[in-house]
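Working through the structure, step by step
For reference, the chains in residue letters:
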Amino acid sequence: MTNHSAAHIKIYPASRLRGDFHLPGDKSISHRSAMFAALGKGTSVLRNYSSARDCQNTLDCFEAMGVQIARQPDHITIEGVGVNELQAPTTMLDVGNSGTTIRLISGILAGQNFTTEINGDESIQRRPMKRVIEPLTKMGAQIEARDNNFAPLKIHGGNLHGIEYTPPVASAQVKSCVLLAGLFAKGETSVIETTPTRNHTEIMLQECGVSVQQEQIATGRRIAVQGGASLQALGDYTVAGDLSSAAFFLAAGLLVPDAELLIRHIGINPSRKALIDVLQQLGGRIEIKNERLAHGEPVADFFVQSSELRGDLELSGAVVANLIDEIPILAVIATQLHGTLTIREANELRVKESDRIRSIVDNLRRMQIEVEEYEDGMRIAGQQKLHGALIESYGDHRIAMAFAVAGLMATGETEIHDAQAASVSLPEFYELLAKLT
Ligand code: S3P
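What comes next is a walk through the structure. Since this is a predicted model, take the numbers as computed values, not measurements. (Residues numbered from 1 in each chain as written. Predicted model: local features only at pLDDT ≥ 70, side-chain atom pairs only at ≥ 80, totals over all residues. Heavy atoms only, no water.)

1. Describing helix α14 (residues 429-436)
Most of α14 is tucked away, with six of its eight residues classed as buried. Burial in α14 covers these residues: Phe429, Tyr430, Leu432, Leu433, Ala434 and Leu436. Elements in contact with the buried residues of α14: β1 (9-11), β2 (16-22), α8 (243-255), β16 (258-267), α13 (397-409) and β24 (414-417). (Buried < 20%, exposed > 50% of the residue type's maximum accessible area, 1.4 Å probe, protein only. Helix = DSSP H or I, 4+ residues; strand = E, 2+ residues; numbered from the N terminus. Contact = heavy atoms within 4.5 Å.)

2. Side note on the nonpolar core
Here is a general trend for soluble globular proteins: nonpolar side chains tend to be buried in one another's company. Within the largest apolar cluster, 82 residues are counted, with the highest numbers of intra-cluster contacts made by Phe249, Ile327, Phe403 and Phe429. Not counting chain neighbours up to four residues away, the residues in contact with Phe403 comprise Val332, Ile360, Asn363, Leu364, Met367, Ile391, Thr414 and Ile416. Ranked by size, the runner-up nonpolar core spans 69 residues in total, among them Leu39, Ile133, Leu136 and Val191. (Core = buried A, V, L, I, M, F, W, Y, C linked by side-chain atoms within 4.5 Å.)

3. Brief notes about the sheet that holds strand β8 (residues 142-146)
Across the sheet, which stays open at both edges, the four strands sit in the order β6-β7-β9-β8 with mixed pairing between neighbours. Whereas interior strands pair on both sides, the edge strands pair on one side only; in this sheet they are β6 (93-94) and β8. Across five bridges, β8 lies against strand β9 (residues 150-156) in antiparallel orientation. Of the residues in β9, the one forming a bridge with Gln142 is His156. (Pairing = 2+ DSSP bridges.)

4. Examining the layout of surface pockets
Volume-wise, the largest pocket comes out at about 640 Å³. Top element by residues in the lining of the largest pocket is helix α1 (residues 27-39). It accounts for four residues. Of the residues in the lining of the largest pocket, the class split is nine nonpolar, 14 polar and 16 charged. When residues of the lining of the largest pocket are assigned to domains, at least three fall in each of domain 1 (2-23 + 240-436) and domain 2 (27-237). Its volume calculated, the second largest pocket comes out at about 220 Å³. In this structure, the second largest pocket is lined by 16 residues; those nearest its centre are Leu255, Val256, Pro257, Gln336 and Met409. Mapped by element, the contributors of at least two residues to the lining of the second largest pocket are α8 and α13. (1 Å grid on protein atoms, 1.4 Å probe; cavity = no way out; pocket = protein on both sides within 12 Å on 5 of 7 lines; lining within 4 Å. Points joined across faces, edges and corners; volume = space filled by probe spheres on them. Nonpolar A, V, L, I, M, F, W, Y, C, P; charged D, E, K, R; others polar. Domains from an automatic or database assignment.)

5. Description of helix α12 (residues 356-366)
α12 sits mainly inside the fold: eight of its eleven residues count as buried. Buried residues of α12: Arg356, Ile357, Ser359, Ile360, Val361, Asp362, Asn363 and Leu364, and no others. Those residues of α12 that are buried are in contact with α11 (327-334), β21 (371-374), β22 (377-381), β23 (390-392) and α13. Sitting at the head of α12, Asp355 places a side-chain oxygen 3.2 Å from the backbone nitrogen of Ile357. Once α12 finishes, Gln368 follows within two positions and takes phi at roughly 65°, a positive value. (Polar contact = N/O pair within 3.5 Å; in protein donor to acceptor, adjacent residues only side chain to side chain.)

6. Describing the pairing of β21
Regular strands place their side chains on alternate faces of the sheet. Two strands pair when backbone bridges link them, and β21 and β22 are joined in this way by four bridges, in the antiparallel orientation. Each residue of the ladder has a partner; that of Glu373, found in β22, is Met378. Where β21 hands over to β22, the hairpin turn is made up of two residues, counted between the paired strands.

7. A word on unusual backbone geometry
The bulk of non-glycine residues show a negative phi, and the bulk of peptide bonds are trans. Along the chain, Ala151 connects to Pro152 via a cis peptide bond; the corresponding omega equals 5°. Within the fold, Pro152 resides in strand β9. Residue Glu345 is not a glycine yet carries a positive backbone phi of 55°. Looking at the element boundaries, Glu345 is found in the loop between β20 (340-343) and α12.

8. What to know about empty space enclosed by the protein
The full count for this structure, using the stated rule, is two cavities of 30 Å³ or more. Taken as a whole, the largest cavity spans an internal volume of roughly 50 Å³. If you go around the largest cavity, the residues you meet are Pro167, Val169, Ala170, Ser171, Lys175, Ile192, Glu193, Thr194 and Thr195. When the residues that make up the lining of the largest cavity are grouped by side-chain class, the tally is four nonpolar, three polar and two charged. Its boundaries defined by the atoms lining it, the second largest cavity holds a volume of some 40 Å³. Lining the second largest cavity, in full, are Asp26, Ile29, His200, Gly241, Leu243, Gly267, Ile268, Asn269, Arg272 and Glu297. When the residues that make up the lining of the second largest cavity are grouped by side-chain class, the tally is three nonpolar, four polar and three charged.

9. Digging into the sheet that holds strand β12 (residues 213-217)
With mixed pairing, the four strands of this open sheet are ordered in space as β10-β11-β13-β12. Single-partner strands in this sheet number two, and they are β10 (164-165) and β12. The pairing of β10 with strand β11 (residues 188-193) spans two bridges and is parallel. Following the sheet pairing, Tyr165 is matched in β11 by Val191.

10. Quick look at the packing of aromatic side chains
Summed over all chains, the structure comprises four aromatic pairs. Seen in terms of ring centroids, Phe249 and Phe429 are 5.6 Å apart; in terms of plane orientation they differ by 55°. Their pairing is tilted. In this pair, Phe249 is assigned in helix α8 and Phe429 in helix α14, connecting sequence segments 180 residues apart. Grouping residues by exposure puts Phe249 and Phe429 together as buried. Among the aromatic residues, those joined into a cluster by ring pairs are Phe21, Phe248, Phe249, Phe429 and Tyr430. Lys289 extends its terminal NZ or CZ atom over the ring of Phe303, reaching a point 5.3 Å from the ring centre. (Phe/Tyr/Trp six-rings, centres within 6.5 Å; stacked < 30°, edge-to-face > 60°. Lys NZ or Arg CZ within 6 Å of the ring centre and 35° of its normal.)

The following block contains the structure:
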């Protein structure tokens, strides 16, 4: 591999991988830890906070609202102001590429007695925001948006009342947005999830001393918070390593011929773990070791070895929601499977950082893989030869990283165009990968 910091990265076939390493903190958990530390009263020290550009944007947004944040090399100190003490920012908040930042913060901003403008990059401006505008408007916020759906958003907050809301899409971002707004609303706010999504918000709210009622009802899971709750500081909090980043190294470990990797202290929350279960079912040699609970989140170490993956997979519904961020790398894995992968009901992929169905299909075809594209998914027959090619990241971190891993198994040279997109979630990615070969 060459030029770690360059816009274009070249990847060459690997015949051996060895490594024993940690990964930076989970992106979803890091965002929430910054938000909750800011809203909690008192000092929080966040360790292993994600180095992702997205998570840095979340910190910037809270700094712009008067929260004191000190960024030391191995931890971040946040002086939480309490739920009602954020200050109106003097400029437009900028979330960069981060969907989690804009959707979760919108819930917090809807509860403030001031008006905020918030925007992000070109990708963010194409992503649907109606999914948060709608419930927040029902709660009493006024939100202006381009075509009532797209950033920039102008949020006039305050005077919220609780609602019961069933999101029309399976989305942890929408669920979290509504629950966060619920902290500022009169009465009870509840979300009914018909398809379960990652539950880091529920876990961390409880870590901050907020009571979150959860019950199974006929239509799904009902999650409720009471308005007027106050949050305790998170205190000394270590973010679990990012499972979605680990997925790229797990894939490399399974697919490169002579590979053995130990990846330590990774979050294995059941609402995020479907990829691991699927890979193990296919015969992937992934050992989960040293399982433990840290701040309410299960974590473990992974020992992964080269494996022959065998079986036909048809994924749809809840499992797709659970491994939604891992589909780019799963598609790459599928090219080497003794079997066929079919993914359906994954329309959400069309509105991620890029249209991920298009980005995956296009790049697989560049590598001479036959793949069928559906409006809501794709079908990939395994045991195909990956050919080195020029890959287009579409400015999407997970596409850049998934196809860098594909390059390790491909013939000849694979060049990733706009490779630095990876820094949106894992700036260290190419350097880490190079160390393993
Ligand atoms: C996230 C939820 C998911 C996921 C995203 C992070 C979160 O998005 O794709 O990368 O931290 O809540 P949706 O909730 O929109 O599915």
